[in-house]
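# Observations on the three-dimensional arrangement
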Amino acid sequence: MNAKPSLHERLEDADRRGGLIPFLLLLDKGIRNREVAPALSELNNSGKVSLTSEHNLNALQSLDRNEFWSVVHIFNQMIPELDCSFGDVLRLVHTLVCKAGNDGAAGKPNISLVKWCKANPDKAQLIVEGAMSLDQLCLSHCVFAIQGLGNIELAFELVGHSDKVVVAAGLRSLGMLDLGSEESARRAVDQCCQAISNENDRDVRASAIEAAFCAWERSSSLGSYRQQEFVGAIVNANVGGELVQLVANLLSHPKGVSAESIDIILEALTGDISNPQASLHWLDAALHSKDIDWSLTRIIDIFTAQIPKLEGSIGPIQLANFCQWIWDDPENAAQLFSKWLISGQLELCRFLAGMVDECGEKSMVVELSRANLPNDLNDQVFLARKCVGFLCHNPVTAVSILLSIVKHGKMMARDEAEELIYDPLLLCYSVSLRSFLGEQGKNPSKRISSCIERLLKRHDDYLEGLKKAEHLVELRPTIEQRRAAAIKDREFNKDIQKQAYERSVLVYSTSHKTLLYGRQSFFLVHGDDGSKVPKVMPLSESTFGAELPRLHILNPVGFREMTTLLRIEPKIMQ
């Protein structure tokens, strides 16, 4: 009986037949993870297998995405152990990086290249020399060769090159090295400042920005050496995309940016910028830290200036850290709601409504202090009307703001706020809102308690009047009106269901069935051995309730007209 060929023999035979990469895909996952990389390294180094042959590189390039990620870890493990020319290693690494594309793990082959260069310094030196000779493959990966060598002088040598591409590679190398002494760190920052002052090449400038912030982050003795000068020069140059890179560095190098530099960057963000979408994205990401001590007023000013400039609308989900910072402190929420409602800007007010909606069933209370309330009577009235226009579907939040006006506002503004609480809010929401007003009736402020007492008395009279009129036939909808309402509700529900399916992460990953009625469901589970196991799942009832605005039922056209006017009406200018 013939013995089963060893893994080495099977790999060698697969490569000889030109099918090494497909053979790797056929192997058991456990074998691929544990045994293949050492075996292939040994075979390649002995010359029995050529991992970097054109055939194998083309086979890697032709794999689909799932197949590629099934075998790429084998090559990442092998690269540091390869005994071959630097050109072969670079071709293999370049193929893997290009194939990985924008995936987060696309840089792992270069990490393996760093290890290879560290183990093969003479060959790594040849990569750097090739880069200085403008060899494109060497230029693409020379940064990792220098990182593997850990040679700062080589990086400075590249920075002094006459070609801009080589200069950019040298600056990127400085950003990846441990600069060691304060002298080397200062020298690196000086080179970055010189690049920003004298160069117009985008790649050189971007590399200088990254290298400088890396130097400030890693060298504690360097402090903020020339940092304000550096940041000010970038802001004043106003080159497209560089301000976004500065904001991104607030996230990636938070310990390396001084408070003065942060102020310069934040001040620049309140003006005209080339890419507000990306800037807000990185700024929001930088706000995740609980220890951040930036000025809330300045941050609000940035979002106030940039959100209306976005090409498309933006929601609280995209700015989750900013929203979390606002809700963490009631004073933060009071400052934001007051400023944006007084502005009357459509996108800002819609954002506030979205913030409240994202809180789900939790009713958010926003209480404005006297300091957060505008002094002008017209501004107070305008704030109250915008509050109802945009937050009418969040009655507790809206009423909490209106009660703040009742407590601290001028007399005419107080009367307007009280009237808006009654009509439309209290007339629409007689359940949740009455409960909230009942709690607020115990407020020590006499203005608030008296206001709530009057409101509840008016509302009781209104409900009593509804009971007297509910039997009038003239107020009942006709058959045609009922049919039209039913059709509209059905279409509305179908649209909701369609959107739910589109947003669900489970719809396309699991099978589903629609059950019209029944007490239990029955289905078969297919096992690996072909067996079928019956499964019975009892069905249970689940309910969801939401209070609809009463005026939306009684007077839908008038209610819609009222809220629309409250949203779009302009501020009265004196």
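Above this text you will find the structure in question.
I will try to describe carefully the structure that is included in this document. (Residues numbered from 1 in each chain as written. Predicted model: local features only at pLDDT ≥ 70, side-chain atom pairs only at ≥ 80, totals over all residues. Heavy atoms only, no water.)

### Some points on the overall build of the protein chain
Formally: Each helix is a run of H or I in the DSSP string that is no shorter than four residues. Each strand is a run of E no shorter than two, and both are numbered from the N terminus. C-alpha atoms define the radius of gyration in this analysis, and the globule rule sets the expected value at 2.2 Å times the number of residues to the power 0.38. Note on exposure labels: buried denotes an accessible area under 20% of the residue type's maximum, exposed denotes more than 50%, and partly exposed covers the range between, all computed with a 1.4 Å probe on protein chains only. In this analysis, two residues are considered to be in contact whenever any of their non-hydrogen atoms come within 4.5 Å of each other. Methods summary: accessible areas were calculated by the Shrake-Rupley approach with a probe of 1.4 Å, and residue burial reflects only the protein chains presented. Residues scored as charged are limited to Lys and Arg (positive) and Asp and Glu (negative), so that His and the chain ends carry no count. To locate a charge, the coordinates of NZ of Lys, CZ of Arg, CG of Asp or CD of Glu are taken.
Scanning the protein chain from terminus to terminus reveals 29 helices and 2 strands. Computed over the C-alpha atoms, the radius of gyration of the protein chain is 33 Å, more than 25% above the 25 Å expected from 2.2 N^0.38 for a compact globule of 574 residues. Here the protein chain holds 574 residues, and 44% of them are scored as buried. For the protein chain, the share of sequence-separated contacts (at least 6 apart) that also reach a separation of at least 24 residues comes to 68%. When the accessible surface of the protein chain is summed, it comes to about 31,600 Å², and 51% of that surface belongs to carbon and sulfur atoms. Of the charged side chains in the protein chain, 61 are positive and 73 negative, and the gap between their average positions amounts to 7 Å.

### Side note on the packing of aromatic side chains
Threshold: Ring geometry is summarised as follows: Phe, Tyr and Trp rings, the Trp one being its six-membered ring, pair when their centres sit within 6.5 Å, and such pairs are stacked at plane angles under 30 degrees, edge-to-face over 60 and tilted between the two. Definition used: whenever NZ (Lys) or CZ (Arg) falls within 6 Å of the ring centre and also within 35 degrees of the ring normal, the charge is taken to sit over that ring.
Counted according to the given criterion, the structure contains 8 aromatic pairs. With a centroid separation of 6.4 Å and an interplanar angle of 35°, the aromatic rings of Phe 322 and Trp 340 are classed as tilted. Linking Phe 322 in helix α19 (residues 320–328) with Trp 340 in helix α20 (residues 330–343), this pair joins segments that are 18 residues apart in sequence. Taken individually, Phe 322 and Trp 340 each receive the classification buried, so the pair is uniform in this respect. Where Trp 327 meets Phe 337, the ring centres are 5.8 Å apart and the plane angle is 45°; that geometry is what we call tilted. Of this pair, Trp 327 sits in helix α19 while Phe 337 sits in helix α20, and the two are 10 residues apart along the sequence. What makes Phe 337 buried here is its relative accessible area of 1%. Clustering of aromatic rings is evident, with ring pairs tying together Phe 303, Phe 322, Trp 340 and Phe 351. Seen from the ring of Tyr 225, Arg 186 lies directly overhead, with NZ or CZ sitting 4.3 Å from the centre.

### As for the packing of helix α6 (residues 86–100) against helix α9 (residues 136–149)
The line we're drawing: In this analysis an axis means a line fitted to C-alpha atoms, helices contributing only their contacting stretch, and an angle means the value between N-to-C directions, from 0 to 180 degrees. Roughly parallel here means an angle under 35 degrees, roughly antiparallel means over 145, roughly perpendicular means 65 to 115, and every remaining angle is called oblique. Amino acid classes used here: Ala, Val, Leu, Ile, Met, Phe, Trp, Tyr, Cys and Pro are nonpolar; Asp, Glu, Lys and Arg are charged; the rest, including Gly, are polar.
Two numbers describe how α6 lies on α9: the axes approach to 10 Å, and their chain directions differ by 75°. It follows that α6 is roughly perpendicular to α9 by the angle criterion. Here α6 contributes Phe 86, Gly 87, Leu 90, Arg 91, Val 93 and His 94 to the contact with α9, which in turn contributes Leu 137, Cys 138, Ser 140 and His 141. Its residues assigned to classes, the contact of α6 with α9 shows 5 nonpolar, 4 polar and 1 charged.

### Side note on helix α8 (residues 121–132)
Side chains of residues three or four places apart in an α-helix project in the same direction, reflecting 3.6 residues per turn. Selection criterion: To estimate the expected span of a helix, subtract one from its residue number and multiply by 1.5 Å. Think of it as the arc spanned by the lines of direction from the helix axis to the C-beta atoms.
Across its 12 residues, α8 extends 17 Å between first and last C-alpha, which sits within 8% of the 16 Å expected from 1.5 Å per residue. Listed as buried for α8 are Ala 124, Ile 127, Val 128, Gly 130 and Ala 131. Down the axis of α8, the buried set is contained in an arc of 160°. They therefore lie on one face. Where α8 is buried, its residues touch α6, α7 (108–119), α9, α10 (152–159) and α11 (164–176).

### A few points about the side chain of Ser 430
Stated precisely, the cut-off is as follows: What qualifies as a polar contact is a pair of N or O atoms within 3.5 Å, subject to a donor-acceptor requirement within protein and to the restriction that residues adjacent in sequence count only when both atoms come from side chains.
In this structure, Ser 430 sits in the loop between α24 (411–428) and α25 (432–440). On the basis of relative accessibility, which here comes to 17%, the residue Ser 430 falls in the buried class. Polar side-chain contacts of Ser 430 include one of 3.2 Å to the side chain of Arg 550. Among residues more than four places away in sequence, those in contact with Ser 430 are His 459, Glu 547 and Arg 550.

### Observations concerning the pattern of salt bridges
The cut-off we apply is this: By salt bridge we mean one thing: a side-chain nitrogen of Lys or Arg within 4 Å of a carboxyl oxygen of Asp or Glu.
Scanning all chains against the criterion turns up 24 salt bridges. A salt bridge links Asp 13 to Arg 16, with the shortest nitrogen-to-oxygen separation between them at 3.3 Å. Of this pair, Asp 13 and Arg 16 are both found in helix α1 (residues 7–16), 3 residues apart, which corresponds to roughly one turn of the helix. Note on Asp 13: relative accessible area 29%, which makes it partly exposed. Residues Arg 454 and Glu 418 are paired through a salt bridge, measuring 2.8 Å at the closest nitrogen-oxygen approach. Taken together, the residues Arg 454 in helix α26 (residues 446–469) and Glu 418 in helix α24 connect sequence positions 36 residues apart. A relative accessible area of 13% means that Glu 418 is categorised as buried.

### Here we look at α10
Burial analysis of α10 places 6 of its 8 residues in the buried class, which makes it a mostly covered element. Restricting attention to buried positions, one finds in α10 the residues Ile 152, Leu 154, Ala 155, Phe 156, Leu 158 and Val 159. Next to the buried residues of α10 lie α8, α9, α11 and α12 (182–198). Two or three places before Glu 153, at the opening of α10, Asn 151 has a side-chain oxygen 3.0 Å from that residue's backbone nitrogen.

### Considerations on the side chain of Asn 110
In this structure, Asn 110 sits in helix α7. By relative accessible area, Asn 110 is classed as buried at 7%. What Asn 110 contacts, discounting residues up to four positions off in sequence, is Val 93, Val 97, His 141 and Phe 144.

### Overview of the packing of α7 against α8
Contact geometry of α7 with α8 gives a least axis separation of 5 Å together with a crossing angle of 115°. Together, Trp 116, Cys 117, Lys 118 and Ala 119 of α7 and Pro 121, Lys 123, Ala 124 and Ile 127 of α8 make up the contact between the two elements. Its residues placed into classes, the contact of α7 with α8 shows 6 nonpolar, no polar and 2 charged.

### A short note on the state of the cysteines
Short version of the rule: Our working definition of a disulfide is a cysteine sulfur pair at a distance within 2.5 Å.
Taken as a whole, this structure holds 0 disulfides when the rule is applied. This cysteine, Cys 387, is not joined by any disulfide, and Cys 392 carries the nearest cysteine sulfur, 9.7 Å off. Looking at Cys 387, the relative accessible area reads 0%, which means it is buried.

### Concerning the environment of Trp 340
For Trp 340, a relative accessible area of 0% gives the class buried. Sequence separation of Trp 340 and Phe 351 is 11 residues, and the distance between their C-alpha atoms is 9.4 Å. Every residue in contact with Trp 340, bar those within four places of it in the chain, is listed here: Ile 300, Phe 303, Thr 304, Ile 307, Phe 322, Gln 345, Leu 348, Cys 349, Phe 351 and Leu 352. Separated by 2.6 Å, the side chains of Trp 340 and Thr 304 make a polar contact.

### Remarks on a nonpolar patch on the surface
Basically, it comes down to this: Two joining distances apply to patches: 9 Å for like charges and 5 Å for nonpolar side chains (Val, Leu, Ile, Met, Phe, Trp, Tyr), and every residue must have over 30% relative accessible area and no salt bridge.
There is a patch of nonpolar side chains on the surface, built from Phe 523, Val 525, Val 533, Met 537 and Leu 539 and spanning about 370 Å² of accessible area. Sorting the residues of the nonpolar patch by element identifies β1 (520–526) and β2 (532–538) as the ones contributing at least two each. Owing to a relative accessible area of 32%, Phe 523 belongs among the partly exposed residues under this scheme.

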